[in-house]
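# Coordinate inspection notes
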Amino acid sequence: MTQRIAVLGATGSIGDSTLAILATHLKDYQVYALSGHQRLDKLLKLCQQFEPKRVAVPTAAVDDFAAQLKQAGLTIDVVGGAEGLIDIATDSQVDTVVAAIVGAAGLPSTLAAARAGKRILLANKEALVMAGEVMIKAVKTHHATLLPLDSEHNAIFQCLPAVIQQDNTQIHDSSHGVRKLWLTASGGPFLKQSFAQMQQAGISEAIKHPNWSMGQKISVDSATMMNKGLELIEACHLFDLPESKINVVIHPQSIIHSMVEYNDGSYLAQLGSPDMKTPIAHALSYPKRIASGAQPLDLFALNNLEFIKPDLHKFACLRLARDAMQAGTQATIVLNAANELAVEAFLHSQIRLTDIATINEQALTQVPVPALSADADIDDILAIDSLARRYTTKLIANIA
Ligand code: NAD
Ligand code: MG
């Protein structure tokens, strides 16, 4: 049967890879809905190519975009803003939601998809960093399915026993013999450079990732290794493990995408070219396999796979993520919010790359947040997020 897909964040890097795969499998998948926030010219082209039934744009752009669609001879329902995204994520016609919006903006629609019992292909790691407990509870209560697109988490998923895969990936305890998870990290563009060199780095150097081609925010997060910090938190929620059971190893070649260590001494790893089309195709077709269009590995050319311990002075964001995870969800919300604003300030040349970690640490220690209660919901989470953003704006002004 045809799977009907909503791609939220269709104009971004994950959106590109997803639609490139879908374009070659239109017999099995229908592009039912798309969303875009910037670059609406690109969204218009995607509408012409895929002819979705529905599309979400920013509220202010609804009328103009509807007029452009009409002019192009397309009959597509246009919805606006955060409400529009939720409307699409919960549409009864949608089977699968690809959650590929960047940042906190992706949380409400991703959570709504979980509460509507959808199959969710999760790229938006920030949703789990901000609301891990609420998200996982919603997935279980509403019988949704959560499949990770993040290459590391997708690799771990593939290396876990089928019973865990089918139990919402929750490892819980040692009964399946899982001793540890190993998240691999490329180390980003500054792996071989000093802290002083990193301090002087310009925007173009920071977003030039050695192995992956990605959106700007995640590229900066990779340069500071905040991305691996966010992924550590994402993994704790996704696999129901404490941070102490998740190790990070730098593997500059980005061939091994992560590993599961078992108590008999086995390490299961997933390998592949550094191309997001592989994890996306895996999750789209799970438990089957479809062609993704990613280049096969040239194994004979892989004669030097390195594994390096991360330098937590240079990559302080990774240390902060562990601290925040230990402190509780209120702290991971603060860290995520502070980091989003700090990355934006760096991309606007207001602060240096290395100031991002300083601001994140100041926010973690200074924003006065109470521990979240066990029955906290999205409003409580968004209230902490707003408070953290107000504080961080002042912290940035002090440094800028
Ligand atoms: P991107 O910047 O290329 O695209 C982001 C998408 O989100 C765009 O479609 C944009 O229009 C939309 N968007 C931005 N702000 C929005 C808002 N306020 N409201 C609604 N939509 C908004 O980002 P990306 O690299 O595709 O990353 C998307 C998500 O996937 C991020 O959470 C990232 O961490 C995660 N991820 C990306 C990669 C990758 O290779 N790019 C890998 C793993 C995980
Ligand atoms: Mg990743």
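Starting from 1, residues in each chain are numbered consecutively following that chain's sequence as written. Working convention: letters from A go to chains and numbers from 1 go to ligands, in the order in which they are written. Residues qualify for local features only when their pLDDT is at least 70, as the model is predicted, and side-chain atom pairs are given and counted only at 80 or more; totals for whole chains, interfaces and linings, by contrast, use all residues. Hydrogens are left out, water is left out, and the side-chain values use all remaining heavy atoms of the structure.

### Describing the site of ligand 1
To be near a molecule or strand, a residue needs just one of its heavy atoms within 4 Å of it. In the region of ligand 1, 23 residues are neighbours, and Thr11, Ser13, Ile14, Glu126 and Gly215 sit closest. Any pair of N or O atoms that falls within 3.5 Å is considered a polar contact. Within protein, one atom must be able to donate a hydrogen and the other to accept it, and sequence-neighbouring residues count only if both atoms are side-chain atoms. One of the backbone nitrogen or oxygen atoms of Gly12 is found 3.2 Å away from an oxygen atom of ligand 1. Ala123 places a polar main-chain atom, nitrogen or oxygen, 3.4 Å from an oxygen atom of ligand 1. Each helix corresponds to a stretch of at least 4 residues labelled H or I by DSSP, and each strand to a stretch of at least 2 residues labelled E; elements are numbered beginning at the N terminus. Listing elements by their share of the shell around ligand 1, those giving two or more residues are α1 (13–23) and α6 (125–141). Amino acid classes used here: Ala, Val, Leu, Ile, Met, Phe, Trp, Tyr, Cys and Pro are nonpolar; Asp, Glu, Lys and Arg are charged; the rest, including Gly, are polar. Grouping the amino acids of the shell around ligand 1 by side-chain chemistry returns 11 nonpolar, nine polar and three charged.

### A short note on the coordination of the magnesium ion (ligand 2)
Protein-derived coordination of the magnesium ion (ligand 2) comes from Asp150 (OD), Glu152 (OE) and Glu231 (OE), at a distance range of 2.1 to 2.2 Å. Coordination shells were defined by N, O and S atoms within 2.8 Å of each metal, extended to 3.2 Å for Na, K and Ca; water is absent from the atom set, which can make sites look incomplete. The sequence pattern formed by the donor residues of the magnesium ion (ligand 2) is D-x1-E-x78-E. Separated by 81 residues along the polypeptide, Asp150 in the loop between β7 (145–148) and α7 (151–159) and Glu231 in helix α12 (residues 226–239) bring together distant segments of the chain. With respect to burial, Asp150 and Glu231 carry one shared label: buried. Three labels apply to residues, based on accessible area from a 1.4 Å probe with only protein chains included: buried if under 20% of the type maximum, exposed if over 50%, partly exposed otherwise in between.

### Points about the pattern of salt bridges
We define a salt bridge as a side-chain nitrogen of Lys or Arg found within 4 Å of a carboxyl oxygen belonging to Asp or Glu. Enumeration according to the criterion identifies 20 salt bridges in this entry. Asp95 is the partner of Arg4 in a salt bridge, and the nearest nitrogen-oxygen pair spans 3.6 Å. Note that Arg4 is positioned in strand β1 (residues 3–8) and Asp95 in the loop between α4 (81–89) and β5 (96–99), a separation of 91 residues in sequence. In this structure Arg4 comes out as partly exposed when scored by relative accessible area, which is 23%. You can call Asp95 partly exposed: its relative accessible area is 26%. A salt bridge links Arg389 to Glu340; the shortest N-O distance between them is 3.3 Å. Taken together, the positions of Arg389 in helix α17 (residues 378–399) and Glu340 in helix α15 (residues 329–347) put the pair 49 residues apart, joining distant regions of the chain.

### Considering the domain arrangement of the protein
For the protein, the domain assignment lists domain 1 (3–149) and domain 2 (162–271 + 294–399). Domain start and end points were adopted from an automatic or database domain assignment. If you average the C-alpha positions of domain 1 and of domain 2, the two centres end up 24 Å apart. When checking whether two residues touch, look at their non-hydrogen atoms; a contact exists if any pair is within 4.5 Å. Between domain 1 and domain 2, the residue contacts involve 24 residues of the former and 27 residues of the latter. Buried area adds together the accessible area that both of two parts lose upon being put together, with accessible area traced by a 1.4 Å probe. Carbon and sulfur atoms make up 63% of the surface buried where domain 1 meets domain 2, a total of about 2000 Å² over both sides. Among the residues of domain 1 in contact with domain 2, Lys125, Val129 and Met130 are the three that bury the most area, contributing 33% of the side total. Along the contact surface separating domain 1 from domain 2 lie three salt bridges. For Lys125, the salt bridge goes to Glu231, with nearest N and O atoms at 2.9 Å. Within the residue set of the side of domain 1 that touches domain 2, elements represented by two or more residues are α5 (107–115), α6 and β7.

### Describing the sheet that holds strand β9 (residues 246–250)
Two strands qualify as a pair provided DSSP detects at least 2 bridges between them. Judged by pairing direction, the sheet is mixed, and its four strands sit side by side in the order β9-β8-β10-β11 without closing on themselves. This sheet does not close on itself; its edge strands, each paired only once, are β9 and β11 (267–271). Between one strand axis and the next, the sheet turns by 20° as a mean value, whatever way the strands run. A fitted line through C-alpha atoms serves as each axis, taken over the contacting stretch for helices, and the angle formed by two N-to-C directions is quoted from 0 to 180°. The strands touched by α12 within the sheet are β8 (178–185) and β9, with β8 carrying the most contacts at an inclination of about 150°.

### Side note on the sheet that holds strand β4 (residues 77–80)
Read across the open sheet, the seven strands follow the order β4-β3-β2-β1-β5-β6-β7; overall the sheet is parallel. The strands lining the two open edges of the sheet, one partner per strand, are β4 and β7. Along the sheet, successive strands turn relative to each other by an average axial angle of 25°, direction set aside. Of the pairings in the sheet, the one linking β1 to β5 comprises four bridges and is parallel in character. The residue bridging Ile5 from the neighbouring strand is Thr96, located in β5.

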